[in-house]
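In case you want the letters, here they are:
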Amino acid sequence: QVQLVESGGGLVQPGGSLRLSCKASGRIFSINAMGWYRQAPGKQRELVAAITRGGSTNYADSVKGRFTISRDNAKNTVYLQMNSLKPEDTAVYYCNARWAGAREYDSWGQGTQVTVSS
């Protein structure tokens, strides 16, 4: 099993910045990729950014150039640096880990609210 704990959400004005953190524990060695998803009210959960074991990253078009995903292997932590935030970035952000066991599994964090409003 992989457990995830997120932190760093909050209220920020348009144009501001926030950094989300996601600390993983458990079967760290089996994680193949980690990512951040978000879900706004009335909308489906969508991928925001992801990083693979090898360090490759991908981003949703809506956040390219504004958000950066990174990781600190020594701390088993993945970060999402969010700059130039817009009201449409308002959502609950979830950390995800895809890890290998008997098959491939997904673990999710509890979610952290990000609200962009003046």
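Presented here is a report on the structure given in the accompanying data block.

Calculation notes
Residues numbered from 1 in each chain as written. Predicted model: local features only at pLDDT ≥ 70, side-chain atom pairs only at ≥ 80, totals over all residues. Heavy atoms only, no water. Helix = DSSP H or I, 4+ residues; strand = E, 2+ residues; numbered from the N terminus. Rg over C-alpha atoms; globule rule 2.2 N^0.38 Å. Buried < 20%, exposed > 50% of the residue type's maximum accessible area, 1.4 Å probe, protein only. Contact = heavy atoms within 4.5 Å. Areas by Shrake-Rupley, 256 points an atom, 1.4 Å probe, with all protein chains shown as cover. Lys, Arg positive; Asp, Glu negative; His and termini not counted. Charge placed at Lys NZ, Arg CZ, Asp CG, Glu CD. Phe/Tyr/Trp six-rings, centres within 6.5 Å; stacked < 30°, edge-to-face > 60°. Lys NZ or Arg CZ within 6 Å of the ring centre and 35° of its normal.

**What about the overall build of the protein?**
- A count of helical and extended segments in the protein gives zero helices and eleven strands.
- Beginning at the N terminus, the succession of helices and strands in the protein can be written as β-β-β-β-β-β-β-β-β-β-β.
- Relative to the globule expectation of 13 Å for 118 residues, the C-alpha radius of gyration of the protein, 14 Å, shows essentially globular dimensions.
- Residues classed as buried in the protein amount to 39% of the 118 residues present.
- By sequence separation, contacts in the protein at least 24 residues apart represent 53% of the contacts at least 6 residues apart.
- Surface exposure of the protein reaches about 6300 Å², of which carbon and sulfur atoms provide 48%.
- Where the 14 positive side-chain charges of the protein centre and where its 8 negative ones centre are 5 Å apart.

**Things to note about the packing of aromatic side chains**
- Enumeration according to the criterion identifies two aromatic pairs in this entry.
- Seen in terms of ring centroids, tyrosine 37 and tryptophan 108 are 5.0 Å apart; in terms of plane orientation they differ by 70°. Their pairing is edge-to-face. Taken together, the positions of tyrosine 37 in strand 4 (residues 31-39) and tryptophan 108 in strand 10 (residues 104-108) put the pair 71 residues apart, joining distant regions of the chain.
- Between tryptophan 99 and tyrosine 105, the ring centres sit 4.7 Å apart and the planes meet at 25°, which makes this aromatic pair stacked.
- Overall, tryptophan 99 belongs to the buried group, its relative accessible area being 7%.
- Residue tyrosine 105 is classed as partly exposed on the basis of its relative accessible area, which comes to 25%.
- Taking NZ or CZ as reference, arginine 45 lies 3.8 Å from the ring centre of tyrosine 94, over its face.
- Cation over ring: arginine 45 sits above tryptophan 108, and NZ or CZ is 4.6 Å from the ring centre.

**Quick notes on unusual backbone geometry**
- For asparagine 76, which is not glycine, the phi dihedral falls at a positive 50°.
- Residue placement: asparagine 76 occurs in the loop between strand 7 (67-72) and strand 8 (77-82).
- Residue classification places asparagine 76 among the partly exposed residues on the basis of a relative accessible area of 28%.
- One non-glycine residue with positive phi stands out, namely serine 84, at about 50°.
- With respect to the helices, strands and loops of the structure, serine 84 is situated in the loop between strand 8 and strand 9 (91-100).

The values are spatial; any link to function lies outside them.
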